[in-house]
Amino acid sequence: MKLTKKIVGALAAITLLFAGASTNSFAGSHSKFPSKTIEMTVLFGGTAKSVGQLVAKGLEKNLGGTVVPVSRPGGGGAVGYKYIQSRPASGYDIVWNSNSVSTSHHRGRTSFNYKAFTPIAAMSIEVPVLAVKSGTFNSVKELADYAKKNPGKLKVGISGKGAFTHLTSAIIFDALGAKVTYIPYGKGKAPAELLAGRIDAAVQWPGQFRSFHKAGQLKMLAVTSQERIASDSSIPTMKELGYKKVDVTMWRGLAAKKGTPKAQIKALEKAAEAYANSAEFKAASKKIGFTINYLNSKQFGKQIAKDDKKIKKLMKDLGLAKKAK
């Protein structure tokens, strides 16, 4: 009888030991996210970098973990996208992405397309603006008239062949019915190139031109969105000027490698939404010059797919579409 009690007691102790080990193991495999630093790849400089850094801080506040933005520029976004694809699909490597996920692919710089990523949330929209040197053209009409009378003579600066500024410029001047010559320039050099007279017009983000516009050195002629932007409300839209088909914006948001656990995507999505609705992000949008446009993972995915079709067609029409080697 005593022996039986001893055996039963021993078995009970062993059962509790294994139960405890199992519970600890389960807890370890389902630890709170994030349990370590999240790295956010930033593809570009300028306003993209500025807003990306803000979003990283916003995610930190709402996730309760560390989010570090890391610049990985190059190849029109291809360098950063390739890096994310080389990392585990864990939620600890995310990317501050944009329409460049499509332009880099259709340009032949990545073998994978947007489907290689899981969208987390869209956060903002930036609207391109057409600018010239003050004293050269006072309106889009003047610019269009000159370009049509002098085919190929107007020099339009672009940040790179096949870049978003190139595609936007092509849409604008196609709408104007004008043939122009595109001149690539270095990153962030649009104002300097315009002021030096090496180019006649350029399309960039308002933030690059705003101070020069206020100083009377450059003139912002029109924005490419359907509505005027709050940060530069005096600048008309191409639509207002009679070019209704010109509707171009750059979205920016967050994505992770396809296969990232749904729980991690949901946690990041929730944190992104909280920051998108914060007073801090709203104040930054007015100061930097972007429009807040939060979309959840599902909505964002639909937006990316829709834009990819447009970009693919446009790049094909421009003879810029290539397949990755």
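Residues numbered from 1 in each chain as written. Predicted model: local features only at pLDDT ≥ 70, side-chain atom pairs only at ≥ 80, totals over all residues. Heavy atoms only, no water.

Looking at this structure, I do not really get the packing of helix α2 (residues 46–63) against helix α10 (residues 279–289). What am I missing?
Packed helices, taken two at a time, are described by the angle between their axes plus the distance between the axes. Where α2 contacts α10, the two axes come as close as 11 Å, and the packing angle between them is 175°. Overall, the two elements α2 and α10 adopt an arrangement that is roughly antiparallel. Of the residues in α10, those in contact with T47, S50, V51, L54, V55 and K61 of α2 are E280, F281, A284 and I288. (Axes fitted to C-alpha atoms, helices over the stretch in contact; angles between N-to-C directions. Helix = DSSP H or I, 4+ residues; strand = E, 2+ residues; numbered from the N terminus. Parallel < 35°, antiparallel > 145°, perpendicular 65-115°, else oblique. Contact = heavy atoms within 4.5 Å.)

How should the sheet that holds strand β11 (residues 291–295) be read in this particular structure?
Within a sheet, neighbouring strands are paired by backbone hydrogen bonds and run either parallel or antiparallel to one another. If you walk across this open sheet you meet the six strands as β2-β1-β3-β10-β4-β11, and the pairing is mixed. Single-partner strands in this sheet number two, and they are β2 (67–71) and β11. Direction aside, neighbouring strands of the sheet carry axes that sit 25° apart on average. Bridge count between strand β1 (residues 38–42) and β2: five bridges; the pairing is parallel. When the sheet's bridge partners are listed, T41 is paired in β2 with V70. (Pairing = 2+ DSSP bridges.)

Sorry, what's going on with the packing of α2 against helix α9 (residues 262–276) here?
It is the contact of α2 with α9, at a shortest axis distance of 8 Å, that shows an interaxial angle of 110°. Viewed along their axes, α2 and α9 adopt a mutual orientation that is roughly perpendicular. Relative to α9, the crossing made by α2 is right-handed. Residues L54, V55, G58, L59, N62 and L63 of α2 lie in contact with α9, whose contacting residues are A267, L268, A271, A272, A274 and Y275. Here the residues of the contact of α2 with α9 sort into ten nonpolar, two polar and no charged. (Left-handed = near helix turned anticlockwise from the far one by under 90°. Nonpolar A, V, L, I, M, F, W, Y, C, P; charged D, E, K, R; others polar.)

Whenever I open this one, the pairing of strand β3 (residues 93–98) confuses me. Can you help?
Along any regular strand the residues' side chains alternate between the sheet's two faces. Within β3, six of the six residues are buried, which leaves the element mostly enclosed by the surrounding structure. Strand direction decides the pairing type here: β1 and β3, joined by four bridges, are parallel. Its bridge partner being in β3, E39 is matched across the sheet by D93. Sheet topology places β3 next to strand β10 (residues 250–257); five bridges connect them, and they run antiparallel. When the bridges of β10 are listed, W96 appears paired with L254. (Buried < 20%, exposed > 50% of the residue type's maximum accessible area, 1.4 Å probe, protein only.)

Sorry, what's going on with the environment of A196 here?
Of note, A196 is situated in helix α7 (residues 190–196). The exposure class of A196 is partly exposed, given its relative accessible area of 43%. In sequence terms A196 and K133 are 63 residues apart; their C-alpha atoms lie 8.9 Å from each other.

I tried to follow the nonpolar core on my own but got confused; where do I start?
The nonpolar side chains of a soluble globular protein tend to be buried with one another. Core analysis: the largest hydrophobic core is formed by 29 residues, its most contacted members being L59, I94, M123 and L254. Mapped onto this core, the elements with two or more residues apiece are β1, α2, β3, β4 (117–126), β10, α9 and α10. Sorting elements by how many residues they give to this core places α9 first, with six residues. When residues no more than four places from it in sequence are discounted, the contact partners of L254 are M40, V55, L59, I94, V95, W96, N97, P119, I120, A121, A272 and F300. (Core = buried A, V, L, I, M, F, W, Y, C linked by side-chain atoms within 4.5 Å.)

Is there a simple way to explain the pairing of strand β7 (residues 181–184) in this structure?
Bridge count between strand β6 (residues 155–158) and β7: four bridges; the pairing is parallel. Considered in β7, the bridge of G157 is made with I183. Taking the sense of rotation as the criterion, the β-α-β connection linking β6, helix α6 (residues 164–176) and β7 turns out right-handed. (Right-handed = clockwise from strand over helix to strand, strands pointing away.)

Is there a simple way to explain the pattern of salt bridges in this structure?
Oppositely charged side chains are able to pair whenever their charged atoms sit close together. Under the criterion given, the structure shown has ten salt bridges. E39 serves as the salt-bridge partner of R72, at 2.7 Å between the closest nitrogen and oxygen. Here the residue R72 occupies a position in the loop between β2 and α3 (78–86), and E39 occupies one in strand β1, the gap between them amounting to 33 residues. For R72, a relative accessible area of 16% gives the class buried. (Salt bridge = Lys/Arg side-chain N within 4 Å of Asp/Glu carboxyl O.)

So what exactly am I meant to see when it comes to the sheet that holds strand β5 (residues 129–133) here?
In space, the five strands of this open sheet follow the order β7-β6-β8-β5-β9, with mixed pairing throughout. What marks the edges here is a single partner per strand, and that holds for β7 and β9 (218–223). Strand-to-strand twist of the sheet, defined as the mean angle between neighbouring strand axes without regard to direction, takes the value 30°. Sheet topology places β6 next to strand β8 (residues 201–204); two bridges connect them, and they run parallel. Pairing of G157 across the sheet is with A202, part of β8.

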